[in-house]
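Coordinate analysis (summary)
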Amino acid sequence: MERKYLDFEKPLEAIDKKIEAYAEVKKGGQSNGENGTVGLKQQLSEKTKEIFSNLTDWQIVQLSRHPNRPHMLDYVENIFDDFVELHGDRCSEDDHAVVAGIGKFRGIPVAIAGQQKGRDTKENLFRKFGMAHPPGYRKAMRIMHLAEKLHMPVISFIDTPGANPDIQAEENGQALVIAENLFKMSLLKTPVLCIIIGEGGSGGALGIGVGDRILMQEYSIYSVISPEGCASILWKSQSAAAEAAKALRLTAKALLDMGIIDAIVPEPQGGVHRDWKKAFELTAETVDKHLRELKTIKTDELVELRYQKYRKTGVWLEKEAEENE
Amino acid sequence: MIFKRKKYISIEAREKPEIKKDLWIKCEQCGKLIYKKKWEENFKICMYCDSYGRMTAHERIAQLADPGSFAEQWGDMVSCDPLEFTGVKSYTDKLKEERQKTGLKEGIITGVCKINGVPCALAVIDAGFIMGSMGSVVGEKFTRAAEYAIEKKLPLVSVSGGGGGARMYEGVISLMQMAKTSAAVGKLKKEGLLYLSVLTDPTMGGIAASFASLGDIIIAEPKALIGFAGPRVIEQTIRQKLPAGFQRTEFLFEHGMIDIISKRAELKDAIGKILLVIHS
Ligand SMILES: [Zn+2]
């Protein structure tokens, strides 16, 4: 895949190019390139650290949409064994924006569902840019019910700009099907682990995102509306997206501080897109830890704990001047 | 989210300003002047073109609850500003403004009442308060109403009308209210209690994609706008005009998503009839 660079990543491009040039030289048989690479790699690491130690929320938004970021199926291929994809919602069609199936995670059978984005225009049209229609939500739910029946944990990968703003999605009852998923996921008698691996866009993300553990990758986002959408409504200008991103508190760190998510999945230096292998390792580790914890909880208790998890969200004031959280 | 348009514009005063301003309103659909008292007696429906005006939560309760039977609960709950939202306008200022505009503390009123003699828990959204969007208070009060219904073994009736979707000023906390209220409906299911959801114009976004759509029985008023994404957002995305009747009650009814379409004047009886079958 061709490496792409965001504006603020540009200083890394120059160093990457130099390292590649050395590698070419080395391939050509001249072996004095080694020392130079060590120095350059050091330089790269320092520069990356410098850039990433000071990211704005808007830069994190861009990282969450980075074209080189691994997608749902990349995780499926690399951290699961024996994946079998299952298709269709048993009532209208197979929505390609959502991938669902069963597989093994470190020997344990699990059900997997998630939004899949494309890499190029053709793929993106096929995957609807990761924006599901009602059959996609229903397909995910069908696999979750299968998981419940067979006592398998559900792992949900979230990566979507949001619900699909088109005629068909509305005509087929998008609001209804998202509502039903929230309702049904809250009652699932099996562990549900949700992980945001890129964009967690509003109702589309939540539509497969109600669970016992909500994890977010370090540079992923979770938001009630896209920063651009928020900017155009509240600021009347899309160019205020960076400001809106800050106001919305959509980063993993902010949401962990607010108690909305349960854990942050660390990303390799420079983000998941720069080191897929490491990204898969780190993701698998975190998933493993939380699945183990969830497996020790009795099913009835698990469902009640899930209810309480959402029950306690929200902030308001009441007469007693108590601030609830 | 910002509610700029006034639904009913009082006519320009000329000779007798005080009187005219209060006595007459202009229908937004057909533009005809209507005697306000008559219009209110007619449940805010235009007698010339049959278009529905928006009712406030208080008006709705007065219409649906048996006289004197409604007792409000958790009426003092107000929103605060968890994100310390800094935009063109702060959330705190926005809330102040909306409280002044509507005279309400928040976009939902909850309590208990009787409908045609049957006791029930009631939750009514007011579309006038930040467009009836889903914030912490809306989510919490709906959930409490559902839990109260469980405690007292009552049916739950909700009336939704809110076009604002999620409450942007509360970020993901607002999104969580969709999960919270849907889970509360899940509890009602476990307890075997009826949940009746009434949809009025407009029921969109976060409210439509959570509790409002989860009624065991869904009743909608005619011609109400019901859906997830706002029509303007869709038009901008697909760059074409939307078909007539798109996201309207009648269309959804034809597609099997609504049980009953009820005219406003008959709404109380429509609800009462169902409660009577199940609870007497
Ligand atoms: Zn009229």
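All values reported here derive from a predicted model rather than from experimental measurement. (Residues numbered from 1 in each chain as written. Chains lettered and ligands numbered in written order. Predicted model: local features only at pLDDT ≥ 70, side-chain atom pairs only at ≥ 80, totals over all residues.)

Remarks on the sheet that holds strand β10 (residues 260-261) of chain B
Residue and element names in this part refer to chain B. Overall, mixed pairing links the seven strands, which are arranged β3-β5-β6-β7-β8-β9-β10 in an open sheet. Every interior strand has two partners, whereas the edge strands, β3 (71-73) and β10, have only one. Sheet strands in contact with helix α3 (residues 57-64) are β5 (108-115), β6 (118-125) and β7 (156-162), and its direction is about 160° off that of β6. (Pairing = 2+ DSSP bridges. Helix = DSSP H or I, 4+ residues; strand = E, 2+ residues; numbered from the N terminus. Contact = placed C-beta atoms within 7 Å. Axes fitted to C-alpha atoms, helices over the stretch in contact; angles between N-to-C directions.)

So, unusual backbone geometry
Here the amide bond leading from Asp 201 of chain B into Pro 202 of chain B is cis, since omega sits at -10°, within 30 degrees of zero. In this fold, Pro 202 of chain B is placed in strand β8 (residues 195-203). At Lys 236 of chain A, a position not held by glycine, the phi torsion is positive, near 60°. Within the secondary structure, Lys 236 of chain A is located in the loop between α10 (227-235) and α11 (241-248). With a phi close to 45°, Asn 116 of chain B is a non-glycine residue in the positive phi region. Its location among the elements puts Asn 116 of chain B in the loop between β5 and β6.

Quick notes on the domain arrangement of chain B
Residues and elements named next belong to chain B. We note that the domain assignment places domain 1 (1-53) and domain 2 (54-279) within chain B. At the junction of the two partners, domain 1 supplies eight residues and domain 2 supplies 13 residues. Split into classes, the residues belonging to the side of domain 1 that touches domain 2 amount to five nonpolar, one polar and two charged. (Domains from an automatic or database assignment. Nonpolar A, V, L, I, M, F, W, Y, C, P; charged D, E, K, R; others polar.)

Looking at the environment of Asp 57 of chain A
Residue and element names in this part refer to chain A. For Asp 57, the location among the structural elements is in helix α3 (residues 57-64). Note on Asp 57: 20 C-beta atoms within 10 Å, which makes it buried. With 14 residues separating them along the chain, Asp 57 and His 71 place their C-alpha atoms 21 Å apart. With residues near it in sequence (within four places) discarded, Asp 57 still touches Ala 245, Lys 246, Leu 250 and Thr 251. (Buried ≥ 20, exposed ≤ 12 C-beta atoms within 10 Å, placed from the backbone.)

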